[in-house]
Structures are given as structure tokens and as C-alpha cells.
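# Residue-level structural notes
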Amino acid sequence: MTQPPRRPRVVMAMSPGGLADHLFAGHHDELHRTAEVLGPVLSSFADDESRAHLARAEVLVTGWGCPPVTREVLGAAPRLRGLLHTGGATAGFIDLDAARERGLFVSHAADANAIPVAEYTFAQILLANKRVRAAEELYRLRRDRIDRETDLLDTGNYRRTVGLVGASRIGRRVARLLRGSDLTVLMYDPYLAPAQATSLGVALCGLHDLMRRSDVVSLHVPVTAETAGMIDAAALAAMPDGATLINTARGAVVDHAALLAELRTGRIDAVLDVTEPEPLPPGHPLWDLPNVVLTPHVAGSTGTELARLGRTVLDELARYVSDRPLHHAELTPAGAVHDAG
């Protein structure tokens, strides 16, 4: 007699709890065929009900707003075999050392989340070179015809130069989107080999050289001791007049005092999807600068794009159930065995 497919017990943890509905929109039936989803979506690991669900969980599915998955939390989940994160970075809220010691697998949806960030960046690069914000403001001010041949001579994407700081998964995806355009693409990443740069269609150069030569600079590095504040006063001063800085990485990569001073001169523009702090306090001067586009950390997955993250995790769950290698593993299961009890 054919055995029914094994369904691991899954606990979800994220906030708000309704986020899970959007992550698995259109795939709820498949999720419940693949796994036995226990209880409500958890927003805390501290109460007795949450601990009772953790004690039975074989797989923990996490998302934005998940409380920290500490060594203590993992200790309260003796049957746990792994974690599937519906977002990107797991460092900082999952104790990866404790997970490694337990032989747990950890997988994430960073590749899926990179898609909308790269698309947002690509769009903002094109709009920045077209100087769409300035053209729109001029149009509103005049409320009359704009002469493109005289008023917009400093705009366009033909033979412009774009500088990408960081060959992260997002930086690489942006480079691929820019291939085939008439834009020259520079990249700064001290760890990128020349052959890899050639395959991406970018030219490697130093950071200050990139800042000096680029009409648009886009940041794609994580925050580390090496990158915090790397876009400082000297780097910003090297940017040519009329250039645009795009930041979809993290606010702490940029020296915000230096950025504010440079933006106040009106010499450069900025598109900031992330800031330091985030969100900005209501009285912060960046709100009122006409040469700044501020968006509320929306470059990553929003709305319908959340389902792409859920789809990625559901595919990983199916691979786990059928004992196939995970495609997006940050940690692989070291000798872990499935628990059917």
C-alpha cells in the first residue's frame, strides 16, 4: 500500500500575523498539503502557547517582524530540523551559531527579494538621468509647454555613466538589467574578480574614481565595519554636479551629516529608500529638500511581490519533504534526520 506523503509540522513566526496570508496568497492549499501548519502565526516566543507550538515544530517559517530566534528559543524546539525565512538577511535575528551546532538547516528568500529591489533601482536610474522630478516641478511651476530642446538639454540616458557600489546579489542583478543599454556601468567591489566583472558587463574601478565619473551612483552593500559610513564627505564631494545618489541598501552606509550638507547646496540629488535613522523624525531637513526623493523602504517586496517570497519558501519546504537539496540554504542540515513523531 502506498504511504501518504509525510507532512512536517510547521510553525510560522512573523508580525503582523496577516503577513502570512499575503506570502502564501494563491498557495494556501499547496502549503497545507505539504505541511501540517500548527496554531496561529506567532509574534512572540515568550508565552506558554507559543512554547507549546515550538515544542512540536519540525520546521519554523519566519518573516519580517519575527522575534529573535535565540539559542534559548531553539532550545525550546527539540524536534526542530530547520528554519525557512521568507525574507532576505537572517543574520541578527537568527542565532546561526546555535543553529549550526544543532545541525539545523537555514534557508532564505533573498534571491527572490532581490528582484524588486533591482527593478526599483533600474527604474530610478533611468528616471534620474531623465531628471523627471525636476522636469515635473518645472512643468507644474510654468503650467505651460516645456521646450525639451532648451529646458531639458541636461537630461537623458544616452552615453551616461552609472556607478554600482557592491557586487551583492542585488548589485549584480542591477548590472544585468543595465546590459544592452547605452549606459556605461562602473562597479566598485574589492572582492569582485576581473573575469566576473566582464561577465556582468561592468568596468571595475576604485570608489572615489567611480564617484567622480558617475552620473548616477547606486549603493548595494551590507552594513559592516568596513562599509558603515563609506559614502563620506570626500566621496560625496567627488560626485559631479547634477549627479544622483541612490540608496536601497542601508542608511548607515552613508554619512548622513555629510549627505545633508551636500544636498543643501543643490549640487547633487538623492533617491533614498533607506535612511539613518529610519524612519526619519518629522522635523528632519531631508523631508523638505526639493532634490531628494524619499520612499518608505519599498524597494523590497511589497503587495503582490510578497507571494514570490512565499513561493520560494514553499518550494524549499517541498524539497525538504522529499529529501532533495535546498536551493537557497544558508546552513545545510548536518546529519539532521526527519522527525515523524
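Values in this document were obtained by computation on a predicted structure and should not be read as measured data.

Another aspect to go through is the overall build of the chain. Counting its regular elements, the chain contains 14 helices and 13 strands. The buried share of the chain, taken over its 341 residues, is 47%. Of the contacts formed within the chain by residues at least 6 apart in sequence, a portion of 66% connects residues at least 24 apart. Per element, the accessible surface of the chain, about 16,500 Å² overall, is 53% carbon and sulfur. Side-chain charges in the chain split into 35 positive and 41 negative, and the spacing between the mean points of these groups amounts to 5 Å.

This next bit is on the confidence of the model for the chain. Averaged over the chain, the pLDDT score is 94; the fraction of residues at 70 or greater is 96%. Throughout residues 335–341 the model reports pLDDT below 50, and contacts reaching past four residues in sequence, or to other chains, amount to 14 contacts.

Once that is clear, we can look at the UniProt feature "domain: D-isomer specific 2-hydroxyacid dehydrogenase NAD-binding" (unreviewed entry) in the chain. Feature annotation in UniProt places "domain: D-isomer specific 2-hydroxyacid dehydrogenase NAD-binding" (unreviewed entry) on residues 123–299, given in this structure's numbering. Regarding residues 123–299, the helix share stands at 35% and the strand share at 15%, and the terminal C-alpha atoms are separated by 11 Å.

So, about the side chain of Ser107. By the element assignment, Ser107 lies in strand β5 (residues 105–108). Classification of Ser107 by relative accessible area gives buried; the value is 2%. Among the polar contacts listed, one links the side chain of Ser107 to the backbone oxygen of His328, at a separation of 3.1 Å. Aside from chain neighbours lying at most four places away, what touches Ser107 is Leu83, Leu84, His85, Glu316, Leu326, His328, Ala329 and Glu330.

This part covers the pairing of strand β6 (residues 161–165). Among the five residues that make up β6, five are buried, leaving the element largely enclosed by the rest of the structure. Here β6 shows no split at all, with Thr161, Gly163 and Val165 on one side and Val162 and Leu164 on the other all buried. Where β6 lies against strand β7 (residues 184–188), five bridges are found, and the strand directions are parallel. Considered in β7, the bridge of Gly163 is made with Leu186. Across four bridges, the pairing between β6 and strand β9 (residues 216–219) is parallel. Bridged to Gly163 within β9 is Val217.

With that out of the way, let us pick up helix α3 (residues 48–56). Residues Ser50, His53 and Leu54 constitute the buried set of α3. Mapping the buried residues of α3 onto a view down its axis gives an arc of 100°, with all of them on the same face. Here the buried face of α3 lies against β1 (9–13), β3 (59–62) and α4 (71–75). Two or three places before Glu49, at the opening of α3, Asp47 has a side-chain oxygen 3.2 Å from that residue's backbone nitrogen.

Rules used throughout
- Residues numbered from 1 in each chain as written.
- Predicted model: local features only at pLDDT ≥ 70, side-chain atom pairs only at ≥ 80, totals over all residues.
- Heavy atoms only, no water.
- Helix = DSSP H or I, 4+ residues; strand = E, 2+ residues; numbered from the N terminus.
- Buried < 20%, exposed > 50% of the residue type's maximum accessible area, 1.4 Å probe, protein only.
- Contact = heavy atoms within 4.5 Å.
- Areas by Shrake-Rupley, 256 points an atom, 1.4 Å probe, with all protein chains shown as cover.
- Lys, Arg positive; Asp, Glu negative; His and termini not counted.
- Charge placed at Lys NZ, Arg CZ, Asp CG, Glu CD.
- pLDDT = per-residue confidence, 0-100.
- UniProt positions renumbered as here; feature names shortened; annotations may be inferred.
- Polar contact = N/O pair within 3.5 Å; in protein donor to acceptor, adjacent residues only side chain to side chain.
- Pairing = 2+ DSSP bridges.
- Arc of directions from axis to C-beta.

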